[in-house]
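Inside the fold
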Amino acid sequence: MSDPSLTRDQRAALGRRLSEWGRAGEGPSRLASGLGIVQFVLFAGFAWGASGAVAALVDGAGPWGWVAVALGFALVRAAAQSAETRAGFEAAARVKAHVRARAAASLSARGPAFTERRDSGETASALIDAVEKLEGYFGRYRPLMPVVAVAPFVLLAVAFTQSWVVAMIFLVTAPLLPLFMAIVGGSAAAASKDQMATLQRLAGRFNDRLQSLELLNAFDAAPRERRGLAAAAEDFRRRTMKVLALAFLSSAILEFFAALAVAATAVYVGFSLLGELPFDPGETITLREGLFVLILAPEFYMPLRRLSAAYHDRADAEAAARSLVPLLDAPETDTETVAAAPLAISQAPEVRFEAAGSVYADGRRGLEGLTLTAAPGRITALWGASGIGKSTALKMLMGYAPLSEGRITVDGAPLTGGLIGQAAWIAQRPRVFHGTLAANIALFDGTIPAARILAAAEAAGVMDFAASLPEGLETKVGERGHGLSGGQAQRVALARALAVDMKLILLDEPTAHLDGEAEARFLEALKTAAAGRTVLIATHSPAVRAIADAVIELEGAR
Amino acid sequence: MKDLRFFLALARPDRWWLRLGAVLAAITLLAGIGLLSLSGWFITAAAIAGLAGAGRSFNYLFASGGVRAFALTRTAGRYAERMATHEATFRILARLRLWVFDAAAPLAPAKLGAMRGGDLLSRVTQDVDALDSLYLRLVTPVFAAVCGALFAIAILAFTAPLAIPGVIGVFLLASLVLPLIAARAGARPGAAIAEASSDARAEAGDLVAGLAELKAYGADARVAARLAAASDRWIAGQRSLSRLALINGGVLAFSGPAAFAAGFSLALAGGASAPVAALAGFIGFALFEAAAPLVQAAELYGRTTASARRLKALAEIVPAVTAPDGPAPLPGRWDVTVRDVRFAYPGKDGPALDGLSLDLPEGGRLALVGASGSGKSTLIRLLMRFYAADEGLIEIGGSDIACHAPADTRARFALVDQRAELLSATVADNLRLARAEATEAELWAALELAGAKAFVQALPEGLDTWIGEQGGLVSGGQARRIALARAFVKDAPILLLDEPTEGLDEATEAAFLDALDVWLDADPRRSVLIVTHRAKLLERARQAVVIEDGRAVETGAPGTLAGQNGVFARLFPAFTG
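Residues numbered from 1 in each chain as written. Chains lettered and ligands numbered in written order. Predicted model: local features only at pLDDT ≥ 70, side-chain atom pairs only at ≥ 80, totals over all residues. Heavy atoms only, no water.

1. Here we look at the sheet that holds strand β3 (residues 365-369) of chain B
All names here are of chain B. The six strands lie next to each other as β6-β9-β10-β3-β11-β12, forming an open sheet whose pairing is mixed. Because the sheet does not close on itself, it has two edges, and the strands there are β6 (413-416) and β12 (551-556). The sheet shows a mean angle of 15° between the axes of neighbouring strands, taken without regard to direction. For β3 and strand β11 (residues 543-548), the ladder comprises four bridges, and the chain directions are parallel. The residue of β11 that forms the bridge with L366 is Q543. Here helix α15 (residues 476-490) sits on the sheet in contact with β6 and β9 (494-498), set at roughly 180° to β6. (Pairing = 2+ DSSP bridges. Helix = DSSP H or I, 4+ residues; strand = E, 2+ residues; numbered from the N terminus. Axes fitted to C-alpha atoms, helices over the stretch in contact; angles between N-to-C directions. Contact = heavy atoms within 4.5 Å.)

Below, the structure is given as structure tokens:
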């Protein structure tokens, strides 16, 4: 079962991950396995009743008691099967909820330095789609493993009491199956991983192009992109069919052996009853025994067939685990927030950089030897051309960029982690979250009173446009600020800072995407909001520079 | 059902794959029925013959040959069926994706603004995925089940006619009545699942893309909790669906044996011999292989119809601008004339443009100034034919743009809008968006003009560097310069620049303006329309139009306007020309 692109260690590591996640659904999973095994015992009961009915008939006795026995077993078996499915679902549901929550927690622990380096569509898709892909594995595949290991032997033992020849037919065909399936399944797993990557890229590309339709239309490039998408979809189909050609082969082999076992059993039993066997098996078989094993024959392969049908579940889960594991891994050193007593800021702080520099984990240098003092209660502008390290300086304060050289102090205390929860962050393009305007200002903190949200919205100039919206602050705004202009989104971001009364506000080129009018309006609100707060702005806008109390010029690589 | 039929029609080009798959599915099912029922009959008949000592005269060649033939047919049939149905499904899925793209493309941007980005994505990936069950799990199983039932009736009609109502009755109950009940009950959780998964997707997007802001406020845990809540709602919806599956599955598991009993008993009651009664029982039992997929199809029905309905709604939106029938060719000249244009955004109260008139002749350099919201960007959207004017006339070279295909009109303009949006693709791909056949030398020339050459050269893989979503790897100013370069690559006669130097430092801005001059001077017919609030850009304009409340209130050379005591002078107090 080797996947050529995965080393044995990697595979084992993925398996360990899956087992670890599986613990969240351990109880229901075991229950499902138990019910799965019981079903096959109950099925033997049904076969016993059904064969008894036919045999009684031939013997001239009344078949109805046997029919009732058969139906009774069938009924209990149906109930067991329902319960098994149910338990499997619960096992998968628990694992999915657990993994999704852990991945989200891990992402927020690792911070923007991690997420900014990856395509955010792909990362979000891992949280949603990859987790969803775990369902089959934990709901079906894993609970089936014990069933496959036990149930065939139960049926084999039952068959042995009836006819050793038929039991041998079962036994001889059975061990070949896992072998064939392993060969076929291994290559299917390899191809499936490939397919998952293609699917993710495909989804990412579709997402991006759909979001950019205006741009595509402006350049009349939609037909061309359509061709590109068509080629990608075609590529996906071809790859997937390659996977399936192999995956289906394993079920075809099973199908073949199951059909062969039925045929061989029927022929052996039939000829034996006719007394026409070309050899002497040393046993005589009755009609009841013959029918009994005939009904059992297809069922003997059922656990393996179910496992084969669920085989792609495992490949899917491994592929999903591969895209999830990077999100769940321990934080890299450059993003690590050292567990130290966090700095608490209760009044406008003084911020000092002393020859502070930043080098990311991948070797990129973000900033070199910056020294500055931002006076408390003042607006300090970091001035310089784009790409010079202004944003990095702000990120270092939050712990979003590593503090590799020198030191930073806040009110004299050295910064060890980041100022998480202590400073307001206003980005170039603030994210407008999926929810109401009010929720966007309070950032979903239900404890902030409505009056304070309103006051913050007024002070930040949000009410200038919110008042004319149909539902005011209760208006729903969504992904990427549909419905909000850049200037409006900036004012919402400013209102956030005011609603929680942050004493330190960090702004990363806040007006880079605003026109002069919107910039002026934003700066006016900012000036008012800055009272009693320390404000640090990275910018190259003269208008922003004009409102700053102090300007720090960054030059060259520092 | 109407919505589903629409998507079934979409599959017409691939109908032969679908038909092949359905026929193969039916063959596989028939072989299964044949295998089990013939075996049952054979054993029972053999037992009777054996008891009677007539073993030698029993014709076993037919039976044993038939059993082996059925076994092989079944194996091969199943494999071929799966390949054919999946081939059909993936072909149709690709078609469906492109259909969605085609449906959405003409709507951008006028009619897509109201929809969340997440929704649109959810539509394509989730709904398209949901619809795969339409073909694979609905069409094929129904056809196979009908064939199987007819086959069973045919055999029973010759052997044990009285067993027909028993076998078919139980089969119909389990495969038709129950699935329909399940379908009805599944519609609600189906819709809830679609809703909850959209929510979860939006929350996940918020958490990932807004992490810097969330984390600063310590709000990341709250959004993570919202994600968990949406995920729980999603799983709860799936649980409701799975409960239906339980009921269905349980009944189904019982129905096979019940059909065995019904077929067997009724055949006996009809006076059939023991082998024939066994045959009837096994037919009923084997036929149930066809019932399970039907039940699954019904379980998915709710989800599928909800997806089909939402996808179809997309196609029913009328684009804001459509190409006229028999569009006229564009004239050779490209003077732009705007006369008394009025336009209001749908759903907005006031007009965005209220009788705007202006001229941009060939070789013109026109600056459009005014407070934000005065209508400057709206004019660009009308020129680009993203929207159509409500009243008034826009002409290119003396010909009404409404008479031309929107694509032809757009070909005359190269637009750099405020957002300077980049595709998630390589730098080269982004530039070639403007002109697919542009050579590498042309790309570098355009980058140089836009002041982006040095920075692109410094990228790890130069032109082939992947610049992420919204230009994630490049800064705002760099993204703008690439967007400018893209406009140069397009080589259209009229440049439309909406705040082109926003986010650039002064030195870069000056360099850009020099480059713009070079580009414009290269062909005296080239013209430019610049929307700006920056005085620096006005220095290079020959004409300026001041817009206020959707109307041109002042027109003239910037130097002249600065001398008058009007709106221009108020907007640019320091401007001297």
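2. What to know about the interface of chain A and chain B
Each partner contributes to the interface: chain A provides 142 residues, whereas chain B provides 136 residues. Counting the surface lost from both chain A and chain B, the interface buries some 12300 Å², and carbon and sulfur atoms represent 67% of this. Summed over the shared surface of chain A and chain B, the number is seven salt bridges. One can count 30 residue pairs in polar contact (both at pLDDT 80 or more) joining chain A with chain B. Ranked by residues supplied to the side of chain A that touches chain B, first place goes to helix α9 (residues 222-274) of chain A with 29 residues. The class makeup of the residues in the side of chain A that touches chain B is 84 nonpolar, 29 polar and 29 charged. (Buried area = accessible area lost by both parts, 1.4 Å probe. Salt bridge = Lys/Arg side-chain N within 4 Å of Asp/Glu carboxyl O. Polar contact = N/O pair within 3.5 Å; in protein donor to acceptor, adjacent residues only side chain to side chain. Nonpolar A, V, L, I, M, F, W, Y, C, P; charged D, E, K, R; others polar.)

3. Looking at the packing of helix α6 (residues 135-162) of chain A against helix α10 (residues 287-300) of chain A
Residue and element names in this part refer to chain A. Between α6 and α10, the least distance of the axes is 10 Å, while the angle of their chain directions is 165°. Classified by the angle between their axes, α6 and α10 sit roughly antiparallel to one another. The two elements α6 and α10 meet at a crossing, and its hand is left-handed. Contact residues: α6 offers P152, L155, L156, V158, A159 and Q162, while α10 offers R288, E289, F292, V293, L296, E299 and F300. Considered class by class, the residues forming the contact of α6 with α10 number nine nonpolar, one polar and three charged. (Parallel < 35°, antiparallel > 145°, perpendicular 65-115°, else oblique. Left-handed = near helix turned anticlockwise from the far one by under 90°.)

4. Focus on the domain arrangement of chain A
All names here are of chain A. Segmentation of chain A into domains returns domain 1 (8-331) and domain 2 (351-553). Averaged C-alpha coordinates put domain 1 and domain 2 at centres separated by 52 Å. In this complex, domain 1 contributes five residues to the contact, which on the side of domain 2 involves five residues. Interface of domain 1 and domain 2: buried area, both sides summed, is about 460 Å²; carbon and sulfur atoms make up 52% of it. Three residues stand out in domain 1 for area buried against domain 2, namely P112, R117 and Q211, and they jointly supply 70% of the buried area on that side. Counting the contacts that link domain 1 with domain 2 gives zero salt bridges. For the side of domain 1 that touches domain 2, the residue count by class is two nonpolar, one polar and two charged. (Domains from an automatic or database assignment.)

5. Focus: the nonpolar core
Formed by 233 residues in total, the largest nonpolar core has its most connected members in W21, L419, I441, V462 and L473 of chain A. Looking at which element gives the most residues to this core, the answer is helix α7 (residues 220-269) of chain B, with 16 residues. Once residues within four sequence positions are removed from consideration, V462 of chain A is found in contact with I441, A457, L473, R491, V492 and A495 of chain A. L96, V100, L368 and I394 of chain B belong to the second-largest nonpolar core, a separate cluster that totals 113 residues. (Core = buried A, V, L, I, M, F, W, Y, C linked by side-chain atoms within 4.5 Å. Buried < 20%, exposed > 50% of the residue type's maximum accessible area, 1.4 Å probe, protein only.)

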